[in-house]
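# Breakdown of the fold
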Amino acid sequence: MIDTFDLVIRHADVVTAADRFTCDIGVRDGVIAALGRNLAGGAREIDASGLLALPGGVDGHCHLDQPMPDGLRMADDFFTGTRAAVCGGTTTVIPFAAQEKGGSLRAAVDDYHRRAEGRAVVDYGFHLIVADPTEKVLREELPQLIREGYTSFKIYMTYDDLKLSDREILEVLSVAREHGALVMVHAENSDCIAWLTDKLVGQGRIAPKFHGLARPAAVEREATHRAITFAELVDVPILIVHVSGKEAIGQIRWAQGRGMQILAETCPQYLYLSAEDMNHPGDDGYAGAKCVCSPPPRDADNQEAVWKALKQGVFSVFSSDHAPFNYEDPQGKKPGGKPQSFEHIPNGIPGIETRLPLLFDGVRHGRLSIHQFVELTSYRPARLYGLYPRKGTIAVGADADIVLWDPEVRTTIRNAQLHHAVDYTPYEGREVIGWPVHCFSRGEQLVASGQYLAPAAGRGRFLPADAPSLV
């Protein structure tokens, strides 16, 4: 007898962004070929009784092996980063090909392909980072790259080596409108941050906790409002990324209430970390550096505001913003191998493996529904970044990116058990309910009973993106 399917997942409790049903899932040639009761046999079969079957996560905002200035180095490359991703239930990642000032976007994309090929374990796409929008970039390179499947790009309103002027932002938004691309905006006021930083450093206030005082909610609120205004002028949708609290949320709600297509993203650090975590001294008086990211974590009231906005649909995407710098590393959180003033601490924290379990814990505690979980972590990022319906759902014809979750298991997060190459997690010791136990990428099982199966590095495929879908 010839098996009808390569894989059959039996008795699956399937959850998508809109539906929930019990069925068998038949997979053939890496694609979901059938959903139904009592499907014919498969060469391999798994009983999913008692587990939830969710579409694999799509992490639409993470940084892997990104070239860094000033001798800094990210801990995760495309192998270790995607290994960690799939162990946390994420089967597609979209990191950033970052243009250097004075360099071309095309060179950045070519370099990033070299870094990914032969390394990635799961499928991946690329966002672009536009840091130097010259006439050639705006009129030639960027439109051509959009046509080739790089349909989303990030711009910065802060960081000296990345920030754009207001005029440059308008020019980039205009290209996005003309060619049907989506612009992601890091919204913080650079001049305000620089002024506050100079004041704090001049007063000798240089510990990690002062990072938060240099980037208060007001500078995020102002930049968010300015970005919204630019989007209104150009009449183009934008996505405000890593929104940290109620000040920026207020601006986004205002714009959405006026019918503007202003989308928003948040991340685990704004639900689970706070300003107090940057004040933690540790054995060396510097451990707060482990939680330094931008925008910074805020307070309990802001955490509650983010949870509320997630439940109410203000946010479209929940991403990790995985920025993997080692703590004990002269090229990481301790530049030069010793504690530094806060303005020299690399901004960013690891989170690619813990993103989904942390938010799933919110489901288990009634913070949002399981359908909202799927929408925020898989369905909407797949649509926004041009990968749906291949990714982001469990449906006939979609890639068999399927994650079976144990919704009852309690897990204490320990860095020693994670699969990234970072020497810490800011969520050390936090207990969560629910964890992915079996993970499939295009029908190939990469994680079984929580254990990574060491698939071949480089099995992940690059995914050119279609035009963004905002609904």
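The structure displayed is predicted, hence computed values, not measured ones.

## Structural notes on the sheet that holds strand S7 (residues 90-93)
Strand order across the open sheet formed by 3 strands is S6-S7-S9, with parallel pairing between neighbours. Every other strand in the sheet has two partners, leaving strand S6 (57-59) and strand S9 (123-124) as the edge strands with one partner each. Pairing geometry for S6 and S7, over 3 bridges, is parallel. Bridging from a neighbouring strand, Asp59 pairs with Val93 of S7. Helix H11 (residues 355-364) rests against S6 and S7 of the sheet, and its axis sits at about 120° to S6.

## Regarding the nonpolar core
Among the nonpolar cores identified, the biggest contains 111 residues, and Phe153 and Phe373 are the most heavily contacted of them. Of all the elements, helix H7 (residues 217-234) adds the most residues to this core, at 6 residues. Look past the residues within four positions of Phe153 in its chain and what remains in contact with it is Leu128, Val130, Leu142, Ile146, Val172, Ala176, Ala181, Leu182, Val183 and Met184. Ranked by size, the runner-up nonpolar core spans 20 residues in total, among them Phe96, Val241, Leu384 and Ala465.

## Side note on the sheet that holds strand S8 (residues 96-98)
One open sheet accounts for 7 strands, arranged S8-S10-S11-S12-S13-S14-S15; its pairing is parallel. Each end of this open sheet is capped by a strand with a single partner; those strands are S8 and strand S15 (317-318). Two strands pair when backbone bridges link them, and strand S12 (residues 182-186) and strand S13 (residues 238-240) are joined in this way by 3 bridges, in the parallel orientation. Across the sheet, Val185 pairs through a bridge with Ile240, a residue of S13. Along the sheet, helix H2 (residues 105-116) makes contact with S8 and strand S10 (127-129), crossing S8 at roughly 130°. With respect to the sheet, H7 is in contact with S12, S13 and strand S14 (262-266), its orientation differing from that of S13 by roughly 175°.

## Re the environment of Leu51
With respect to the helices and strands, the residue Leu51 is situated in the loop between strand S4 (42-47) and strand S5 (52-55). On the basis of relative accessibility, which here comes to 13%, the residue Leu51 falls in the buried class. A C-alpha to C-alpha distance of 9.3 Å links Leu51 and Pro436, two positions 385 residues apart in sequence. Non-local contacts of Leu51, meaning those with residues more than four positions away in its chain, are made with Asp13, Leu404, Trp405, Asp406, Pro407, Val437 and His438.

## Topic: the pairing of strand S17 (residues 431-441)
For S17, the buried fraction is high: 10 of the 11 residues fall into the buried class. Note: strand S16 (residues 402-412) against S17, 8 bridges, orientation antiparallel. From the neighbouring strand, Leu404 faces S17, where its bridge partner is His438. Strand direction decides the pairing type here: S17 and strand S18 (residues 444-448), joined by 3 bridges, are antiparallel. Looking at the pairing, Cys439 lines up with Val447 of S18. Counted along the chain from S17 to the antiparallel partner S18, the turn is 2 residues long, and its residue Arg442 has a positive phi close to 50°.

## Re H7
Across its 18 residues, H7 extends 26 Å between first and last C-alpha, which sits within 8% of the 26 Å expected from 1.5 Å per residue. Buried within H7 we find Ala217, Val219, Glu220, Ala223, Thr224, Arg226, Ala227, Ile228, Phe230, Ala231 and Val234. Taken from the residues just after H7, Asp235 is the one with a positive phi, measuring 60°.

## A few points about the UniProt feature "domain: Amidohydrolase-related" (unreviewed entry) in the protein chain
Residues annotated by UniProt as "domain: Amidohydrolase-related" (unreviewed entry) correspond here to residues 53-432. Here residues 53-432 is 37% helix and 13% strand, with 19 Å between the C-alpha atoms at its ends.

## Details of helix H5 (residues 190-202)
In this model H5 runs 18 Å from its N-terminal to its C-terminal C-alpha over 13 residues, within 8% of the 18 Å that 1.5 Å per residue would give. Those residues of H5 lying buried are Ser190, Ile193, Thr197 and Leu200. Along the axis of H5, the buried positions cluster into a sector of 95°, meaning they face one direction only. Among the exposed residues of H5, those pointing more than 90 degrees away from its buried face are Asp191, Trp195, Asp198 and Gly202. Next to the buried residues of H5 lie helix H6 (210-214) and H7. Among the residues of H5, the N-terminal cap falls to Asn189, whose side-chain oxygen and the backbone nitrogen of Asp191 are separated by 3.1 Å.

## Considering the confidence of the model for the protein chain
Of all residues in the protein chain, 99% have pLDDT values of 70 or greater, and the mean over the chain is 97. S6 holds the highest mean pLDDT among the elements of the protein chain, 99, whereas S4 holds the lowest, 97.

## So, the packing of H2 against helix H3 (residues 135-147)
Contact pair H2 / H3: the axes reach a minimum separation of 9 Å and the direction vectors enclose 30°. The orientation of H2 with respect to H3, classified from their angle, is roughly parallel. Across from Leu105, Arg106 and Val109 in H2, the residues of H3 making contact are Val137, Glu141, Leu142, Gln144 and Leu145. Its residues assigned to classes, the contact of H2 with H3 shows 5 nonpolar, 1 polar and 2 charged.

## Re the environment of Leu162
Counting through the fold element by element, Leu162 comes out in the loop between strand S11 (152-156) and helix H4 (166-179). Residue classification places Leu162 among the buried residues on the basis of a relative accessible area of 13%. Taking C-alpha positions, Leu162 is 24 Å from Pro268, a pair spaced 106 residues apart along the chain.

## Here we look at unusual backbone geometry
The residue after Ser294, namely Pro295, is reached through a cis peptide bond having omega -10°. Here Pro295 lies in the loop between helix H9 (269-272) and helix H10 (300-312). Within the chain, Asn38 stands out as a residue other than glycine whose phi angle is a positive 55°. In this model, Ala454 sits at a positive phi of 55°, which is unusual for a non-glycine residue. Mapped onto the elements of the fold, Ala454 is located in the segment after strand S19 (451-452).

## Examining the packing of aromatic side chains
Centre distance and the angle of the planes are the two values used to describe a pair of aromatic rings. With the rule as written, the count across this model stands at 16 aromatic pairs. Aromatic pair Phe360 and Phe373: ring centres 5.5 Å apart, planes at 90°, arrangement edge-to-face. You can see Phe360 sitting in helix H11 and its partner Phe373 sitting in helix H12 (residues 370-384), a full 13 residues away along the chain. Judged by its relative accessible area of 2%, Phe373 is buried.

Calculation criteria
- Residues numbered from 1 in each chain as written.
- Predicted model: local features only at pLDDT ≥ 70, side-chain atom pairs only at ≥ 80, totals over all residues.
- Heavy atoms only, no water.
- Pairing = 2+ DSSP bridges.
- Helix = DSSP H or I, 4+ residues; strand = E, 2+ residues; numbered from the N terminus.
- Contact = heavy atoms within 4.5 Å.
- Axes fitted to C-alpha atoms, helices over the stretch in contact; angles between N-to-C directions.
- Core = buried A, V, L, I, M, F, W, Y, C linked by side-chain atoms within 4.5 Å.
- Buried < 20%, exposed > 50% of the residue type's maximum accessible area, 1.4 Å probe, protein only.
- Expected span 1.5 Å × (residues − 1).
- UniProt positions renumbered as here; feature names shortened; annotations may be inferred.
- Arc of directions from axis to C-beta.
- Polar contact = N/O pair within 3.5 Å; in protein donor to acceptor, adjacent residues only side chain to side chain.
- pLDDT = per-residue confidence, 0-100.
- Parallel < 35°, antiparallel > 145°, perpendicular 65-115°, else oblique.
- Nonpolar A, V, L, I, M, F, W, Y, C, P; charged D, E, K, R; others polar.
- Phe/Tyr/Trp six-rings, centres within 6.5 Å; stacked < 30°, edge-to-face > 60°.

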